[in-house]
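# Topology and contacts: notes
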Amino acid sequence: MRATCRLLQTCRITLFTRENCGLCTEARSVLSNVWDSRPFQFKEIDIIKSNFKPRWRDLYEFDVPVIHISKASAPEEHPQSASKAVKLMHRFTADQVKAKMDLVEKA
């Protein structure tokens with residue numbers, strides 16, 4: 001059953017977060033609800049602890065939580081390509097996440 005579930009994960013969602021972020025906790029809850037009905041690959045990046053240059057902190061310090069939604073087969077997230085990402089910021093609903101997933105899957 002898990003192998004079938006894994007094959008259905010056509011999207012990857014990357015959550016950009018930081019410690020002690022109440023909105024980030026809410027974002028994780030929304031993503032958990034989405035995953036229950038529509039599994040996806042998940043990655044979480046703490047913008048403060050990330051070692052990328054330029055740093056994710058420089059991009060999203062005042063914007064977390066941010067999610068990037070991409071095809072599971074797409075290259076890993078990198079700060080230099082962030083402007084091209086399909087994303088949602090701050091507060092978002094499960095329906096908004098699913099709509100963005102639909103957009104990515106059809107591209």
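One structure accompanies this document, and this report is about it. Values in this document were obtained by computation on a predicted structure and should not be read as measured data.

## Focus: the packing of aromatic side chains
With the rule as written, the count across this model stands at four aromatic pairs. Note on Phe16 and Trp56: the rings are 4.4 Å apart at their centroids and 45° apart in plane angle, and the pair reads as tilted. With a gap of 40 residues between them, Phe16 in strand 1 (residues 11-17) and Trp56 in helix 3 (residues 56-60) connect regions that are remote in the sequence. By relative accessible area, which is 0% here, Phe16 ends up buried. Relative to Tyr60, the ring of Phe16 has its centre 5.3 Å away and its plane inclined at 50°; by these criteria the two rings are tilted. Placement of Phe16 in strand 1 and of Tyr60 in helix 3 is noted, with a sequence separation of 44 residues between them.

## With respect to unusual backbone geometry
Peptide bonds are trans in most cases, and residues, glycine excluded, mostly fall at negative phi. Residues Val64 and Pro65 are joined by a peptide bond in cis, for which omega reads 0°. Located in the positive-phi region is Asn20, a residue other than glycine, with phi close to 55°. Assignment of secondary structure puts Asn20 in the loop between strand 1 and helix 2 (22-37). Positive phi, close to 65°, is recorded for His90, a residue that is not glycine. Within the fold, His90 resides in the loop between strand 4 (86-89) and helix 4 (94-106). Note on His90: relative accessible area 33%, which makes it partly exposed.

## Brief notes about the packing of helix 2 against helix 4
Interhelical geometry of helix 2 versus helix 4 gives an angle of 55° and a closest axis separation of 9 Å. The orientation of helix 2 with respect to helix 4, classified from their angle, is oblique. Relative to helix 4, helix 2 is oriented so that their crossing is right-handed. Of the residues in helix 4, those in contact with Val30, Leu31, Val34 and Ser37 of helix 2 are Ala94, Val97, Lys98 and Met101. Looking at the contact of helix 2 with helix 4 residue by residue, the class counts come to six nonpolar, one polar and one charged.

## With respect to the pattern of salt bridges
For the coordinates displayed, the defined rule picks out seven salt bridges. Arg38 is paired through a salt bridge with Asp102; the nearest N and O atoms lie 2.7 Å apart. Here Asp102 lies in helix 4 and Arg38 lies in the loop between helix 2 and strand 2 (41-46), a separation of 64 residues in the sequence. Looking at Asp102, the relative accessible area reads 32%, which means it is partly exposed. Between Glu76 and Lys43 there is a salt bridge; the shortest N-O distance is 2.8 Å. Of this pair, Glu76 sits in the loop between strand 3 (66-71) and strand 4 while Lys43 sits in strand 2, and the two are 33 residues apart along the sequence. Overlapping salt bridges, with partners in common, bring together Arg38, Asp102 and Glu105 in one network.

Rules used throughout
- Residues numbered from 1 in each chain as written.
- Predicted model: local features only at pLDDT ≥ 70, side-chain atom pairs only at ≥ 80, totals over all residues.
- Heavy atoms only, no water.
- Phe/Tyr/Trp six-rings, centres within 6.5 Å; stacked < 30°, edge-to-face > 60°.
- Helix = DSSP H or I, 4+ residues; strand = E, 2+ residues; numbered from the N terminus.
- Buried < 20%, exposed > 50% of the residue type's maximum accessible area, 1.4 Å probe, protein only.
- Axes fitted to C-alpha atoms, helices over the stretch in contact; angles between N-to-C directions.
- Parallel < 35°, antiparallel > 145°, perpendicular 65-115°, else oblique.
- Left-handed = near helix turned anticlockwise from the far one by under 90°.
- Contact = heavy atoms within 4.5 Å.
- Nonpolar A, V, L, I, M, F, W, Y, C, P; charged D, E, K, R; others polar.
- Salt bridge = Lys/Arg side-chain N within 4 Å of Asp/Glu carboxyl O.

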